[in-house]
Amino acid sequence: MFSQQKQSGMWEGGVAIANEIVFSELRFRNVSPAKLAKALGLTEKVLMQVLRFELDEQEQLRMVQLINSIAR
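Just so you know, these numbers come straight off a predicted model, no measurement behind them.

The rules behind the values
Residues numbered from 1 in each chain as written. Predicted model: local features only at pLDDT ≥ 70, side-chain atom pairs only at ≥ 80, totals over all residues. Heavy atoms only, no water. Helix = DSSP H or I, 4+ residues; strand = E, 2+ residues; numbered from the N terminus. Contact = heavy atoms within 4.5 Å. Buried < 20%, exposed > 50% of the residue type's maximum accessible area, 1.4 Å probe, protein only. Expected span 1.5 Å × (residues − 1). Polar contact = N/O pair within 3.5 Å; in protein donor to acceptor, adjacent residues only side chain to side chain. Arc of directions from axis to C-beta. Salt bridge = Lys/Arg side-chain N within 4 Å of Asp/Glu carboxyl O.

Trainee: Is there a simple way to think about the overall build of the chain in this case?
Mentor: When you go through the chain residue by residue, the secondary structure sums to 4 helices and 0 strands. Taken from N to C terminus, the helices and strands of the chain fall in the order α-α-α-α. Look at the contacts in the chain between residues 6 or more apart in sequence, and 67% of them connect residues 24 or more apart.

Laid out in structure tokens, this is it:
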């Protein structure tokens, strides 16, 4: 599901990210990174490591859909 490409941007704690839409959706839907990590079967640390690399458009859309389903 995840591809590793270029890094860009900055987020809390100085972690470079390229998936601003994913983090924006987490905040907007009030879903914690821990909940998203659990839904993906990852630890929160591994999720943050994955999100340091730019996901392609399809991967971002799937992540946003998952966040929306968790928020319900």
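Trainee: Any chance you could explain unusual backbone geometry here in plain terms?
Mentor: Note: most peptide bonds trans; most residues except glycine with negative phi. Phi at Asn-30 takes a positive value of approximately 60 degrees, unusual for a residue other than glycine. Tracing the backbone through its elements, the reader meets Asn-30 in the loop between α1 (20-29) and α2 (33-40). Taking the relative accessible area as the measure of exposure, Asn-30 reaches 68% and is therefore exposed.

Trainee: What should I look at first to understand helix α4 (residues 57-71) in this one?
Mentor: Working note: α-helix, 3.6 residues per turn, so residues spaced by three or four point in the same direction. For α4, built from 15 residues, the straight-helix expectation of 21 Å at 1.5 Å per residue is met to within 8% by its first-to-last C-alpha distance of 21 Å. Taken together, the buried positions of α4 are Glu-59, Gln-60, Met-63, Val-64, Ile-67 and Asn-68. The inward-facing, buried residues of α4 contact α1 and α2. At the N-terminal boundary of α4, the capping side chain belongs to Asp-56, with an oxygen 3.1 Å from the backbone nitrogen of Gln-58.

Trainee: What is the right way to read α2 from this model?
Mentor: Residues of α2 that are buried: Pro-33, Leu-36 and Ala-37. Down the axis of α2, the buried set is contained in an arc of 100 degrees. They therefore lie on one face. On the buried face of α2, the contacting elements are α1, α3 (44-50) and α4. Positive phi shows up at Gly-41, right after α2, with a value of about 75 degrees.

Trainee: I would appreciate a short explanation of the pattern of salt bridges in the present structure.
Mentor: Think of it this way: side chains of opposite charge can pair up when their charged atoms draw near. Using the criterion set out here, one finds 1 salt bridge in the structure. Note that Glu-25 is salt-bridged to Arg-29, the shortest N-O span being 3.0 Å. One end of the pair is Glu-25 and the other is Arg-29, both in helix α1 and 4 residues apart, which spans about a single turn. Residue classification places Glu-25 among the buried positions, given a relative accessible area of 14%. Judged by its relative accessible area of 37%, Arg-29 falls in the partly exposed class.

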